[in-house]
Amino acid sequence: MTQSFSGTRAAAARWNARMLAEASDGTRRGTRWGRGALAFVPSALVVGALGTALAQGALAANFSVAGQPFTLTSNGVEGSGFGAIVNTPAVGRPDGTTTTNTAMARVGFASAGLAGLCGIVHQSIAGVPYSLLLTGGQKVTATPPAAFTTDIDASNLYIQATELQAYGPTTLQNAVLGQSADQVTVAGKPLTGALPGGFGLGSAGGEGGSSITLHGLNATAYDAEMAGALVLPDLKIRVVPGTATTC
């Protein structure tokens, strides 16, 4: 027993001496856990928050990246109770300050159906770029189909975007183009940031209000808010290296 313990202690001493010698020569060895852990933290927090929200039966009420745009795409959107205004929301900067110098469109749907959803967030941690991809429903294609069927239901959906475009024909019904922004309502409420006399696209009245059909959707957004429920079939969340442009 004593001889075995002595041999083990001697082996440990030799290993310790070797580690000290290697450390003193300035060469990096092994896994750089500090950088790896730092890069993983943001994605882990996002995935954890989404998982908690899903466990409670709904996706997070607000999806945004501080001061940084993200991309939302879909094969198509059918929305009712539609409204839009131009406003200048406060946008956070990396240093913690905010700016209101960027004009954006705030678009709202009292009820909306989406033909698949692809959300892409780009970030760089410790100089390493990566992309967070959030997908749900049918696969969103680079070229939207001529006809689409919605498979995602959303209520009280709001998007704050610097650019929002469709790739095919857009059908707008029962709408007033150029309505004063403060008179535009979605689900009975005015849109955030609306100013009297500002540009607005609202409803001409009637049952259900205005409606819109977009063949293909591509939005550069700063905020996507689901004040109601968002039902996402086949939700997938992935973190991939580099700057992804499609899901």
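Undergrad: Even after reading the chapter, I still don't get the overall build of the protein, so can you show me in this structure?
TA: Along the protein, the regular secondary structure elements total 2 helices and 16 strands. Put simply, the protein has 247 residues, and 33% of those count as buried. Contacts in the protein between residues at least 24 apart in sequence constitute 79% of all its contacts with a sequence separation of at least 6. Of the roughly 13,700 Å² that the protein leaves accessible, carbon and sulfur atoms contribute 57%.

Undergrad: Looking at this model, I keep getting lost on the pairing of strand β6 (residues 117-125). Mind explaining?
TA: In regular strands, side chains alternate between the two faces of the sheet. As defined by bridge partners, strand β2 (residues 70-87) adjoins β6 across 3 bridges and the pair is classed as antiparallel. Bridge pairing in β6 places Thr 73 opposite Cys 118. Between the end of β6 and the start of strand β7 (residues 128-136), which pair antiparallel, lie 2 residues, with Ala 126 showing a positive phi angle near 55°.

Undergrad: Just to check I follow, could you spell out the packing of aromatic side chains for this structure?
TA: The description of an aromatic ring pair rests on the distance of the ring centres and on the angle between the ring planes. This model, assessed by the stated rule, comprises 1 aromatic pair. Taking the centre distance of 5.3 Å and the plane angle of 45° together, the rings of Phe 82 and Phe 109 count as tilted. Pair noted here: Phe 82 is in strand β2 and Phe 109 is in strand β5 (residues 104-114), with a separation of 27 residues, a long-range link. Taken individually, Phe 82 and Phe 109 each receive the classification buried, so the pair is uniform in this respect.

Undergrad: Even after reading the chapter, I still don't get the environment of Val 86, so can you show me in this structure?
TA: Relative to the elements of secondary structure, Val 86 occurs in strand β2. Spatially, the C-alpha atom of Val 86 lies 5.9 Å from that of Phe 199, the residues being 113 residues apart in sequence. Excluding residues within four positions of it along the chain, Val 86 makes contact with Ala 103, Met 104 and Phe 199.

Undergrad: Looking at this structure, I do not really get the environment of Gly 216. What am I missing?
TA: By the secondary structure assignment, Gly 216 is in strand β14 (residues 211-226). Using a relative accessible area of 0% as the deciding quantity, one classes Gly 216 as buried. Not counting the four nearest positions on each side in its chain, Gly 216 is found in contact with Ser 74, Asn 75, Gly 76, Pro 144, Gln 165, Ala 166 and Tyr 167.

Undergrad: Looking at this structure, I do not really get the pairing of β2. What am I missing?
TA: Of all 18 residues that make up β2, 14 are buried, and the element is covered over most of its length. As paired elements, β2 and β14 share 10 bridges and run antiparallel to each other. From the neighbouring strand, Phe 70 faces β14, where its bridge partner is Ala 221. Across 10 bridges, the pairing between β2 and β5 is antiparallel. In the sheet register, Gly 83 faces β5, and the bridge partner there is Gly 108.

Undergrad: Honestly, the confidence of the model for the protein in this entry has me stumped. Any pointers?
TA: Interpreting fine coordinate detail is not advised for predicted regions of low pLDDT. Averaged over every residue, the pLDDT of the protein is 77; the share at 70 or more is 71%. The low-confidence segment residues 1-6 (pLDDT under 50) makes 0 contacts with residues lying over four places distant or belonging to another chain. The low-confidence segment residues 27-58, where pLDDT is below 50, has 22 contacts with residues more than four positions distant or belonging to other chains.

Undergrad: I'm lost on the nonpolar core in this one. Help?
TA: General note: in soluble globular proteins, nonpolar side chains tend to be found buried as a group. Core analysis: the largest hydrophobic core is formed by 27 residues, its most contacted members being Phe 82, Phe 109, Leu 114, Leu 117 and Leu 157. Of all the secondary structure elements, the ones that give two or more residues to this core are β2, β5, β6, β7, β8 (152-165) and β14. Excluding residues within four positions of it along the chain, Leu 114 makes contact with Ser 74, Gly 76, Val 77, Thr 150, Asp 151, Ile 152, Ala 154 and Leu 157. Within the second largest apolar cluster, 6 residues are counted, among which are Tyr 158, Ala 181, Val 186 and Leu 191.

Undergrad: Help me understand the side chain of Gln 160 in this model?
TA: Inspection of the secondary structure puts Gln 160 in strand β8. Judged by its relative accessible area of 5%, Gln 160 is buried. In this structure the side chain of Gln 160 is engaged in a polar contact, spanning 3.0 Å, whose partner is the side chain of Arg 106. Residue contacts for Gln 160: discarding those within four places in its chain leaves Asn 87, Pro 89, Met 104, Ala 105, Arg 106, Ala 221, Tyr 222 and Asp 223.

The rules behind these values
- Residues numbered from 1 in each chain as written.
- Predicted model: local features only at pLDDT ≥ 70, side-chain atom pairs only at ≥ 80, totals over all residues.
- Heavy atoms only, no water.
- Helix = DSSP H or I, 4+ residues; strand = E, 2+ residues; numbered from the N terminus.
- Buried < 20%, exposed > 50% of the residue type's maximum accessible area, 1.4 Å probe, protein only.
- Contact = heavy atoms within 4.5 Å.
- Areas by Shrake-Rupley, 256 points an atom, 1.4 Å probe, with all protein chains shown as cover.
- Pairing = 2+ DSSP bridges.
- Phe/Tyr/Trp six-rings, centres within 6.5 Å; stacked < 30°, edge-to-face > 60°.
- pLDDT = per-residue confidence, 0-100.
- Core = buried A, V, L, I, M, F, W, Y, C linked by side-chain atoms within 4.5 Å.
- Polar contact = N/O pair within 3.5 Å; in protein donor to acceptor, adjacent residues only side chain to side chain.

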